[in-house]
Amino acid sequence: MAIEGPSNDQPVFEKQVREPLPAGDFCCHIMKLKSTNYDADTNRNPSKQGIEIKRGKNEGRTADIIKFELQVDASKHSEYEGRRLYKDLFVFQGIDNYEQFRIDNKEWISFLNHAGYPMDSDGKGMTVYPSCLDDLGEGESFVGLPIICTTKIKLYMNKDGEEAATNDVIAFKTYNNPSKYVDASENNERSAVKDDDDLPF
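What you see is a predicted model, and the numbers here were worked out from it, not measured in a lab. (Residues numbered from 1 in each chain as written. Predicted model: local features only at pLDDT ≥ 70, side-chain atom pairs only at ≥ 80, totals over all residues. Heavy atoms only, no water.)

Within the secondary structure, Leu112 is located in helix 2 (residues 106–115). Along the primary structure Leu112 and Phe142 are separated by 30 residues, whereas in three dimensions their C-alpha atoms are 9.2 Å apart. Aside from chain neighbours lying at most four places away, what touches Leu112 is Tyr117, Met119, Tyr129, Pro130 and Phe142. (Helix = DSSP H or I, 4+ residues; strand = E, 2+ residues; numbered from the N terminus. Contact = heavy atoms within 4.5 Å.)

Let us look at the nonpolar core. If you look at the biggest cluster of nonpolar residues, it comprises 29 residues, and the most contacted ones within it are Ile30, Phe68, Trp108, Phe111 and Phe142. Those elements that provide at least two residues to this core are strand 1 (24–33), strand 3 (62–72), strand 4 (84–92), helix 2, strand 7 (146–157) and strand 8 (163–173). It is helix 2 that contributes the most residues to this core, 5 residues altogether. Look past the residues within four positions of Phe111 in its chain and what remains in contact with it is Ile30, Phe68, Leu89, Phe142, Ile147 and Phe172. (Core = buried A, V, L, I, M, F, W, Y, C linked by side-chain atoms within 4.5 Å. Buried < 20%, exposed > 50% of the residue type's maximum accessible area, 1.4 Å probe, protein only.)

Glancing now at the confidence of the model for the protein. When pLDDT is averaged along the protein, the result is 85; 85% of the residues meet or exceed 70. Predicted confidence is poor over residues 182–201, with pLDDT under 50, and the contacts of this stretch with residues over four places away or in other chains come to 42 contacts. (pLDDT = per-residue confidence, 0-100.)

Encoded structure:
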């Protein structure tokens, strides 16, 4: 049976606001490297190449902004099953030696090493680090890699001028042995490393 109602009615949908994860360490798996192709449905915040930094201490420099989507490991944080974290990594360009690359791109190197990304060797015992977005192809080698993300809560103003909160991934740790980490889902506290001395760095 059809239902009668006013013409051109526009139901009002209540905006769903998801609270950020609490600050702490979360065992995650990398879901994907976000491509540079904008898509309103699947990739609204794509990676970017050759971006000139407009302000701050790196003003005038060029960087690739490499963006990742990660999923919290439900086996370690059951109450956060399906939750995602997002990380933008700046990789500065125009560097021709490792020491400067290491200084300028230390967060990128930390991410690669703690995720266990498979890197090539130059045959002389030196690792060949990918130094730009083009070196990563479609990012298939990242998919499924485990990594621990340390997060904090970041406040910002949304498009409606209201204060909102999101997660900011500020550091990485190696997640190569799940037994070293505590599932804190029962008491809603942060997961924690059992023994920092066990970590391989």
